[in-house]
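Observations on chain architecture
In case you want the letters, here they are:
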Amino acid sequence: MLQILLNLNRRIKRLPGWITLFGLAALWLIVQLYFLQTIGVKTVPDSVSRYIPYAQQVAETGWSGGSQENRYLIYIALLSLFVKTNGGLMAVVLVQIAISGIACILFYKTVKH
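Quick caveat: nothing in here was measured; it's all calculated off a predicted structure. (Residues numbered from 1 in each chain as written. Predicted model: local features only at pLDDT ≥ 70, side-chain atom pairs only at ≥ 80, totals over all residues. Heavy atoms only, no water.)

Comments concerning the overall build of the protein
When helices and strands are tallied, the protein shows 5 helices and 0 strands. Computed over the C-alpha atoms, the radius of gyration of the protein is 19 Å, more than 25% above the 13 Å expected from 2.2 N^0.38 for a compact globule of 113 residues. Taken along the three principal axes of its C-alpha coordinates, the protein extends 60 × 30 × 25 Å. Looking at the 113 residues of the protein, the share that counts as buried comes to 19%. Taking the contacts inside the protein whose residues are at least 6 apart along the sequence as the reference set, 46% of them involve residues at least 24 apart. A total accessible area of about 8600 Å² is found for the protein, and carbon and sulfur atoms account for 68% of it. (Helix = DSSP H or I, 4+ residues; strand = E, 2+ residues; numbered from the N terminus. Rg over C-alpha atoms; globule rule 2.2 N^0.38 Å. Buried < 20%, exposed > 50% of the residue type's maximum accessible area, 1.4 Å probe, protein only. Contact = heavy atoms within 4.5 Å. Areas by Shrake-Rupley, 256 points an atom, 1.4 Å probe, with all protein chains shown as cover.)

Structure representation (structure tokens):
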């Protein structure tokens, strides 16, 4: 098994970088879409009790106040943006997937150099 992986590694190293990046990005996107389609959008208890109501408050008042949720200000701001525009949780998930994809590409480029 190790020999098979080493041979595969040698073959991948011979490919141009853009082909490897495109292949990894396509594989990553397929995995993300698979999980999104099979699992869907799930809300966890802390989002329902803390983040979503706080994002609704921020969307309505435009003020975050002195809550401890300010530690997650970027996430609250993202949620409140979609609450204000009636984007829904699916839009939030799609933006999170896009941000994750950008992070994966940047991580690949960092490791490659």
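Quick word on the nonpolar core
A general feature of soluble globular proteins is that nonpolar side chains tend to end up buried together. One finds Tyr51, Tyr54, Ala55, Val58, Ile76, Leu78, Leu79, Phe82, Ala91 and Val92 forming the largest nonpolar core, which totals 10 residues. Looking at this core, the elements with two or more residues in it are α3 (45-61), α4 (73-84) and α5 (88-112). (Core = buried A, V, L, I, M, F, W, Y, C linked by side-chain atoms within 4.5 Å.)

Topic: α3
Given 3.6 residues to a turn, an α-helix orients residues that are three or four positions apart in the same direction. A rise of 1.5 Å per residue sets the reference length of α3, with its 17 residues, at 24 Å; its end C-alpha atoms lie 24 Å apart and thus fit the reference within 8%. The largest bend along α3 reaches roughly 30° and is located at Tyr51, with the proline Pro53 sitting one to four residues downstream. Elements in contact with the buried residues of α3: α4. Looking at the residues trailing α3, positive phi occurs at Gly62, about 75°. (Expected span 1.5 Å × (residues − 1). Bend = angle between axes of the 7 residues up to and from the residue.)

Here we look at the packing of helix α2 (residues 17-39) against α5
What describes two packed helices is the angle between their axes and the distance between those same axes. One can describe the packing of α2 onto α5 by two numbers: an axis separation of 11 Å at closest approach and a directional angle of 155°. Between α2 and α5, the angle is such that the two are roughly antiparallel. Note on packing geometry: the crossing formed by α2 with α5 is right-handed. Of the residues in α5, those in contact with Gly17, Thr20, Leu21, Leu24, Trp28, Gln32 and Leu36 of α2 are Met90, Val93, Leu94, Ile97, Ser100, Gly101, Cys104, Ile105, Tyr108 and Lys109. Residue classes in the contact of α2 with α5 are distributed as 11 nonpolar, 5 polar and 1 charged. (Axes fitted to C-alpha atoms, helices over the stretch in contact; angles between N-to-C directions. Parallel < 35°, antiparallel > 145°, perpendicular 65-115°, else oblique. Left-handed = near helix turned anticlockwise from the far one by under 90°. Nonpolar A, V, L, I, M, F, W, Y, C, P; charged D, E, K, R; others polar.)

A short note on the side chain of Ser80
Note that Ser80 resides in helix α4. Not counting the four nearest positions on each side in its chain, Ser80 is found in contact with Ala55, Val58 and Ala59.

Looking at unusual backbone geometry
Unlike most non-glycine residues, Asn86 shows phi in positive territory, near 55°. Position of Asn86 relative to the elements: it lies in the loop between α4 and α5. Judged by relative accessible area, which is 71%, Asn86 ranks as exposed.

Quick notes on α5
Counted at 1.5 Å a residue, the expected span for α5 with its 25 residues is 36 Å, and the 37 Å between its end C-alpha atoms agrees. Along α5, the positions that sit buried rather than exposed are Ala91, Val92, Val93, Ile97, Gly101 and Tyr108. For α5, the secondary structure elements touched by its buried residues are α2 and α4.

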